[in-house]
Amino acid sequence: MAKGAGLEELARAYFARQGFVAIRSVSIQFEEEDITDIDVWLYGRHGGAVRTRALVDVKDKKSPKAFERVMWVRGMQLALGCDRAFVTTTDNSQKVARFAHQQKVSLLTAAYLRQRVGDDFLNDRLSLEELHGSIQLFAGQKQDGDWIRQISAAKSAVVSLAPFPAFNKAMSSFRFFSDRAATRPQHREQALRGAYLSAGLACVALDAALEKLAFEQYQARHHMLYTGVTYGDAGDNRVKNSIDTVLSVISKGVNNGRVIARQAADALDQMFTSVRAEIIAEFFAKEQNSFHLFPVARELEARAHSRNRAGLTALSVEAKAVLGVFADFIGAKRKALLSSEFEAAPSVETAPKTATTAPPPPTLRAETAAEEPSDAVQEEGETSVRDAEIKSSKSDENPKLL
């Protein structure tokens, strides 16, 4: 692993142990244009209505230009509205520390992180580079919708967009990987990793949306969730109000406008009803269910990076419940997301004695069976929906304040 990537993983592990959802390499976008990247982004929940968002800039160089990085991360903190900003650097001079304190930026040295985290933090976890390498074992992943870009888009949405649009974007990636988990059996492991990570990011976005609804009654929470997911706005009904304005103009300013406006309204209602936002609103408007969003987000993110393929689907009851609701929302097969069965790679045929048998392709780990890339796999039929109600119980600890 490159020096910079290694220190980023170290910083991510440190904050994850503090109780945060910690995501590496997040692209900041504006109207689908890449602006810059954040090395590590943090999201924490400290109660019903308290959320913490922070960013970490990591520089592992002989000349890290620490003063410049402090100024950059302070500007990014203000631009993104984050609560905290951190710089992780190899420069441990007192002058840099005093400057960072003056700018309200926390300075973490590489030595400090190594002392707190240790050297075994990747024993059970795939690094970001290893996760991407696992996906790239499927040679046709880029032509098949670009799997890695799907993950990057979901991560970017959670940081760059308002909560409800971010949730819908993450669910789009979740739908993509859920479909691949059902129709790409040879690459189901990689598809599941993408699906779990996307679902974890969707949990973060939905938890952030509920931040303002913490003290609302069930009916108000249900209404805001339903309209937010349906119209994909910031929860302010801006999209709905814009549609009503356009329909009003058509009704009053066009010949036979009332008839046309009514037909348009009926068509729009039918389209928005197909979103099936009622499934999300009905389940997460209940406080006992929304309480689990944050711990499930941490669990799914960790599971997506787990080295142990055999235990990949060994999820908690709460995580299975959330995945089941998300699967019903997008119309995916629950079995494709929760089954512990994986298709083994085809065995290599025995070659004639005069020929040399090619060695099998390298695997990510010794116990993981090599999977032969497939550029084209026949799509299966439409996915079915199962409705099941799963009871969930409260569990998990709140993130620790730094």
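Structure report, in brief. These numbers come from a predicted model, not from an experiment.

Before going further, it helps to examine the side chain of Asp57. Structurally, Asp57 can be placed in strand S3 (residues 50-59). The class of Asp57 is buried, set by a relative accessible area of 2%. In this structure, Asp57 is in contact with Asp39, Arg69, Trp72, Val73, Phe86, Val87 and Thr88, ignoring residues within four places of it in sequence.

Here we take up the nonpolar core. A general tendency of soluble globular proteins is for nonpolar side chains to be buried together. By size, the foremost hydrophobic cluster in this structure holds 78 residues, and its most contacted members are Phe167, Phe174, Ile280, Phe284 and Phe326. The greatest single-element share of this core, amounting to 14 residues, is contributed by helix H8 (residues 188-209). Apart from residues no more than four positions distant in its own chain, Phe174 is found in contact with Ala195, Ser198, Ala199, Leu323, Phe326, Ala327, Ile330 and Leu337.

Further remarks concern the pairing of strand S4 (residues 84-89). For a regular strand, the rule is simple: side chains alternate between the two faces of the sheet. Taking burial as the measure, the six residues of S4 include five buried ones, the bulk of the element. As defined by bridge partners, S3 adjoins S4 across six bridges and the pair is classed as parallel. Residue Lys59 lies in a different strand from S4, and its bridge partner there is Thr89. For the crossover from S3 across helix H2 (residues 66-80) to S4, the handedness is right-handed. Pairing of S4 with strand S5 (residues 106-109) involves four bridges; the strand directions are parallel. Looking at S5, one finds that Thr89 is bridged to Thr109.

Definitions and limits used
Residues numbered from 1 in each chain as written. Predicted model: local features only at pLDDT ≥ 70, side-chain atom pairs only at ≥ 80, totals over all residues. Heavy atoms only, no water. Helix = DSSP H or I, 4+ residues; strand = E, 2+ residues; numbered from the N terminus. Buried < 20%, exposed > 50% of the residue type's maximum accessible area, 1.4 Å probe, protein only. Contact = heavy atoms within 4.5 Å. Core = buried A, V, L, I, M, F, W, Y, C linked by side-chain atoms within 4.5 Å. Pairing = 2+ DSSP bridges. Right-handed = clockwise from strand over helix to strand, strands pointing away.

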